[in-house]
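Here is what each chain is made of, one letter per residue.
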Amino acid sequence: MTVAALADDDFARRLAGRDGLDVRIGPVRIRLQTRIRALWPLLKDLWRDYPVLEGSGVRDFHARVVPGARHRRWVRPQVRFLVDGRAPFLPLTAAHHLPLLEWGLNWCIAKRCHHLLMLHAAVVERGGRAILFPAWPGHGKSTLCAALAHSGWRLLCDEFGLVRPADGALLPLPRLIPLKNQSIDVIRSFAPSAHIGPEFHGTRKGTVAHVRPPSGSVRRMDEPARPGWLVFPRWVADSPVRLEPMVRSEAFLMVATNAFNYEVLGATAFDLVARMVDTCDAYSLIYSDLNEAIAVLDDLTRGRDG
Amino acid sequence: MTFASNASWRRTDFRVHHADWDGERILYHAGSGETHFLNAAAVVLLDRLSESPATLDELRTMLADRPPAPEMTGSPDESLEPLLARLEELGLITPDDPSGGR
């Protein structure tokens, strides 16, 4: 059963109830409990394709979004994110409940899922082979990922390149794609079919809005992909598109230093990244226009799909 | 820094994982948990010391017989000793005879 299949009142009852709502996103099982009513319709809409878990079982973490301190109930109210009863962040203004929840879940994944190598990368797939986009914040990774996810590529994840140690396969984690500032209108214009949630203004990252992962990507979230290409993107205003091969040792260092848990996994992480760099061609991509960027990526991957 | 010509080194016993591309090497040192980039000159030295211990003179002779590595600035003599010191600092090589030649 998916979130969409739950009646609104059942969905709200589960979220507000003591046991919360159990959903699965790729390999991650989340128990979420919140009585913040404003979140309910947003999650019903943006999380609609996620399967709901019934019965007992292992949950990776228990997350709660709760009102801030009692004395802030009426004056500049706040909202807090709790995981397993502890608050890893300072509270945010109450209106930023969804960004806080999504950032909080990212934090939980990055801190807890050490059975997988977690690269800081967007990942999309076509024909069984994936492009990984490792990038620092602000390099246009999410925007490019959202555009590709609405251009015939399957979204694996916008933030985490999850690598399974047993075989180096990439596991999908089709979370919401957070767009920031100008990127929101860029994607609205580029992909009118993209389903984008409300805008949250004045967050620590400016204005944020979340793209719902395409339903097909969520339906196929149990299908891993093989790494095919490493592309290090950087958005540069007014720049013509440039795709240039990278030296493998440089690609290795950029992937490894960009991973969430390279040091935690040690030799296992080294071997996984080395294997990935061995089997993937690596490129730097500078772009300003999404259509141009997607065209060069289509050219790059054509003939090696499948 | 100046080492005596009979100072010698050998590879440490720590387990390492490595990947080589275009003569360069990325190496994971299981003892320190650190990952290092080695240029072609460092790879040549480390591989030589993996075979058997060698003295400064022997390493100097070996490098003189090879085409100069582009990463080695200045003369091989000037570049060799800092490189050996750095590899030692990283725990990749160790003096073979701690009392000898220093």
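Only a predicted model underlies this, so the values are computations on that prediction, with no experimental measurement involved.

Caption draft 1: Quick look at the side chain of Arg212(A). Residues and elements named next belong to chain A. Here Arg212 is to be found in the loop between strand 13 (206-211) and helix 6 (215-219). One polar contact links Arg212 to Asp45, side chain to side chain, over a distance of 2.9 Å. Look past the residues within four positions of Arg212 in its chain and what remains in contact with it is Asp45, Leu46, Arg48, Leu176 and His195.

Caption draft 2: Local environment of the interface of chain B and chain A. Contact residues are listed per partner, giving 11 residues for chain B and 13 residues for chain A. Note on chain B versus chain A: buried area summed over both sides is about 1000 Å², and carbon and sulfur give 73% of it. Connecting chain B to chain A are 5 residue pairs in polar contact (both at pLDDT 80 or more). Secondary structure elements with two or more residues in the side of chain B that touches chain A: strand 2 (16-21), strand 3 (24-29) and strand 4 (34-38) of chain B. Considered class by class, the residues forming the side of chain B that touches chain A number 6 nonpolar, 3 polar and 2 charged.

Caption draft 3: How the structure looks around the packing of helix 5 (residues 182-190) of chain A against helix 10 (residues 290-301) of chain A. Residues and elements named next belong to chain A. In the contact formed by helix 5 and helix 10, the axes pass within 11 Å of each other and the chain directions differ by 65°. One element, helix 5, and the other, helix 10, form an angle in the roughly perpendicular class. Where helix 5 approaches helix 10, its residues Val186, Ile187 and Phe190 are matched on the opposing element by Leu290, Asn291 and Ile294. Residues of the contact of helix 5 with helix 10, tallied by class, amount to 5 nonpolar, 1 polar and no charged.

Caption draft 4: How the structure looks around helix 3 (residues 97-112) of chain A. Between its first and last C-alpha, helix 3 of chain A extends 22 Å over 16 residues, near the 22 Å set by a 1.5 Å rise per residue. Along helix 3 of chain A, 13 of the 16 residues are buried, which leaves the element largely enclosed by surrounding structure.

Caption draft 5: The arrangement of the environment of Glu89(B) in detail. All names here are of chain B. Looking at the secondary structure, you find Glu89 in helix 3 (residues 76-89). Assessed through its relative accessible area of 61%, Glu89 is described here as exposed. Within polar-contact distance, the side chain of Glu89 engages the side chain of Arg86 at 2.3 Å.

Caption draft 6: Here's a closer look at the packing of helix 7 (residues 248-257) of chain A against helix 9 (residues 267-279) of chain A. All names here are of chain A. Where helix 7 meets helix 9, the closest approach of the two axes is 10 Å, and the angle between their N-to-C directions is 140°. One way to sum up the angle between helix 7 and helix 9 is to call them oblique. In the crossing of helix 7 with helix 9, the sense of the turn from one axis to the other is right-handed. Two secondary-structure elements touch here, helix 7 through Arg248, Ala251, Phe252 and Val255 and helix 9 through Phe270, Val273, Ala274, Val277 and Asp278. Of the residues in the contact of helix 7 with helix 9, the class split is 7 nonpolar, no polar and 2 charged.

Caption draft 7: Examining the sheet that holds strand 4 of chain B more closely. On the basis of which strands lie adjacent, the open sheet formed by 3 strands has the order 2-3-4 (chain B) and antiparallel pairing. Every other strand in the sheet has two partners, leaving strand 2 and strand 4 of chain B as the edge strands with one partner each. The sheet shows a mean angle of 15° between the axes of neighbouring strands, direction not considered. In this structure, strand 2 of chain B lies alongside strand 3 of chain B, joined through 6 bridges in antiparallel fashion. Across the sheet, His18(B) pairs through a bridge with Leu27(B), a residue of strand 3 of chain B. Packing against the sheet, helix 9 of chain A makes contact with strand 2, strand 3 and strand 4 of chain B, and its axis sits at approximately 15° to strand 2 of chain B. The sheet contacts of helix 1 (residues 40-51) of chain B involve strand 3 and strand 4 of chain B, and relative to strand 3 of chain B the element is tilted by about 60°.

Caption draft 8: Up close: the pattern of salt bridges. Residues and elements named next belong to chain A. Applying the stated criterion across every chain yields a total of 29 salt bridges over all chains. In this structure, the salt-bridge partner of Asp222 is Arg24, at a minimum N-O distance of 2.8 Å. Of the two residues, Asp222 sits in the loop between helix 6 and strand 14 (226-235) while Arg24 sits in strand 1 (residues 21-25), which places them 198 residues apart along the sequence. The salt bridge partner of Arg154 is Glu125, with a shortest N-O separation of 2.8 Å. Note that Arg154 is positioned in strand 8 (residues 154-157) and Glu125 in strand 6 (residues 117-126), a separation of 29 residues in sequence.

Conventions used here
Residues numbered from 1 in each chain as written. Chains lettered and ligands numbered in written order. Predicted model: local features only at pLDDT ≥ 70, side-chain atom pairs only at ≥ 80, totals over all residues. Heavy atoms only, no water. Helix = DSSP H or I, 4+ residues; strand = E, 2+ residues; numbered from the N terminus. Polar contact = N/O pair within 3.5 Å; in protein donor to acceptor, adjacent residues only side chain to side chain. Contact = heavy atoms within 4.5 Å. Buried area = accessible area lost by both parts, 1.4 Å probe. Nonpolar A, V, L, I, M, F, W, Y, C, P; charged D, E, K, R; others polar. Axes fitted to C-alpha atoms, helices over the stretch in contact; angles between N-to-C directions. Parallel < 35°, antiparallel > 145°, perpendicular 65-115°, else oblique. Expected span 1.5 Å × (residues − 1). Buried < 20%, exposed > 50% of the residue type's maximum accessible area, 1.4 Å probe, protein only. Left-handed = near helix turned anticlockwise from the far one by under 90°. Pairing = 2+ DSSP bridges. Salt bridge = Lys/Arg side-chain N within 4 Å of Asp/Glu carboxyl O.

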